[in-house]
Amino acid sequence: MSNPFALRLSRVLARHALKNILPLQAAAGVVSFTFDDAPASACEAGAQALERHGVRGTFYVAGGLTDQHEEGKPCHTLAHLRQLLQAGHELGCHSYSHVRCDLLNQRGLVQELDRNAQFLGDLGVDIRALNFAYPFGAFAFGAKRICSARFRSSRITGGGLHTGQADLNALKTHRLYDVAVDADSYETLLARAADQRGWLIINTHDIENPASRFGYTPERLEQAISAALAAGCKVLPVNAAIDYWQQNAHRANA
Ligand SMILES: [Zn+2]
């Protein structure tokens, strides 16, 4: 699909269809820190910042970026990914070749997802409970249909905080980039997440100083994690966050 109008229409349709609503009713808000592409610095400084606070994150991995560079920064090695799993972090899917899913046909997308599932499965990831992030946040109706059938959740890019409920098939994020790109600040959204017991999913890339325009510095990440915990929020990787919301929704409805 390359016609810009058709793509836009498809994205509008995708936003409103194929929803899988997760009620957000629990005693505390949740912040999830996610790292797209798993750059080497995120696997090192990013993971360590979370571990220092006794919490873990989600790294969305495209197997084809292993040992490569992305945005001029070294990406993860296999050793990095094994280390993340060993430390209790979560690995999610980010396609294999890091391609825009809205531009692939059905067969091309399925091949991408099968190949990355094989890659993650070989590392020991449970691919029955896999979470997905659309590369470049690029989703469309056809892609959402395929991804919603395969993944526990699928994440887009931007859109802010979830309160009351979330669409597991199009989870939104706040972009924690060194040069802000979203209108609301992290501090504003965090305060609302704590107050309204919502789910704030953060996405970023490299964690180094200086960061790329899609990354964040280790010092600021450290502050963001501290602030989330100080605000009374739980800091959970995506799978653990979904477990938390589902368990509490069942209790609320019992
Ligand atoms: Zn990416």
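Below, the structure is looked at part by part. Starting from 1, residues in each chain are numbered consecutively following that chain's sequence as written. Where local features are concerned, this predicted model is filtered to residues with pLDDT of at least 70; where side-chain atom pairs are given and counted, the filter is 80 or more; whole-chain, interface and lining totals use all residues. Water and hydrogen atoms play no part in the side-chain values, which are based on all heavy atoms of the structure.

## Overview of the overall build of the chain
Worth spelling out the cut-off: For the purposes of this entry, the term helix denotes a DSSP run of H or I that reaches at least four residues, the term strand denotes a run of E that reaches at least two, and both are numbered from the N terminus. In this treatment the radius of gyration is a C-alpha quantity, and the globule benchmark scales as 2.2 Å times the residue count to the 0.38 power. Burial classification: accessible surface area is computed with a 1.4 Å probe over protein chains only, and a residue below 20% of its type maximum counts as buried, one above 50% as exposed, and the rest as partly exposed. Per-residue accessibility takes into account occlusion by the displayed protein chains alone, with areas from the Shrake-Rupley method and a 1.4 Å probe. Asp and Glu are treated as the negative residues and Lys and Arg as the positive ones, with His and the ends of the chain left uncounted. Charge coordinates come from a single atom per side chain, which is NZ of Lys, CZ of Arg, CG of Asp or CD of Glu.
Looking only at helices and strands, the chain features 8 helices and 12 strands. Computed over the C-alpha atoms, the radius of gyration of the chain is 17 Å, within 12% of the 18 Å expected from 2.2 N^0.38 for a compact globule of 254 residues. Here the C-alpha coordinates of the chain stretch approximately 45 × 40 × 35 Å along the principal axes. Residues classed as buried in the chain amount to 52% of the 254 residues present. Per element, the accessible surface of the chain, about 11100 Å² overall, is 50% carbon and sulfur. Here the chain carries 25 positive and 24 negative side-chain charges, and the mean point of each set is 8 Å from the other.

## Examining helix 5 (residues 141–150)
Convention followed: The directions considered for the arc are those from the helix axis to the C-beta atoms. The criterion used for residue contact is that any of the two residues' heavy atoms lie within 4.5 Å.
Residues of helix 5 that are buried: Ala143, Lys144, Ile146 and Cys147. One side of helix 5 holds all its buried residues, which, seen down the axis, span an arc of 170 degrees. Where helix 5 is buried, its residues contact helix 1 (4–16), helix 4 (106–122), strand 7 (131–133), strand 8 (153–159) and strand 9 (165–167).

## A closer look at the coordination of the zinc ion
Rules: Only N, O and S atoms count as donors, using a 2.8 Å cut-off from the metal and 3.2 Å for Na, K and Ca, and because water is excluded some sites may appear unfinished.
Coordination of the zinc ion by the protein is provided by Asp37 (OD), His94 (NE2) and His98 (NE2), with metal-donor distances spanning 2.1 Å. Overall, histidine 98 belongs to the buried group, its relative accessible area being 9%.

## Thoughts on the side chain of asparagine 131
Where we set the bar: For the purposes of these results, a polar contact is taken to be a pair of N or O atoms within 3.5 Å, where, inside protein, one atom must be able to donate a hydrogen and its partner to accept one; residues adjacent in sequence count only when each atom of the pair is a side-chain atom.
Among the secondary structure elements, asparagine 131 is positioned in strand 7. Classification of asparagine 131 as buried rests on a relative accessible area of 0%. Only 2.7 Å separates the side chain of asparagine 131 from the side chain of serine 153, close enough to count as a polar contact.

## Some points on the side chain of aspartate 102
For aspartate 102, the location among the structural elements is in the loop between strand 6 (90–93) and helix 4. At 2.6 Å, the side chain of aspartate 102 and the side chain of arginine 100 are in polar contact.

## Some thoughts on the pattern of salt bridges
In a structure, side chains of opposite charge can pair up when their charged atoms sit close to one another. Selection criterion: By salt bridge we mean one thing: a side-chain nitrogen of Lys or Arg within 4 Å of a carboxyl oxygen of Asp or Glu.
Inspection of the entire model under this criterion finds 11 salt bridges. A salt bridge links arginine 100 to aspartate 102, with the nearest nitrogen and oxygen atoms 2.6 Å apart. A residue is classified by how much of its surface remains accessible, and arginine 100, at 35% relative accessible area, is partly exposed. Aspartate 114 serves as the salt-bridge partner of arginine 150, at 2.8 Å between the closest nitrogen and oxygen. Of this pair, arginine 150 sits in helix 5 while aspartate 114 sits in helix 4; the two residues are 36 residues apart in sequence, bridging distant segments of the chain. By relative accessible area, aspartate 114 is classed as partly exposed at 41%.

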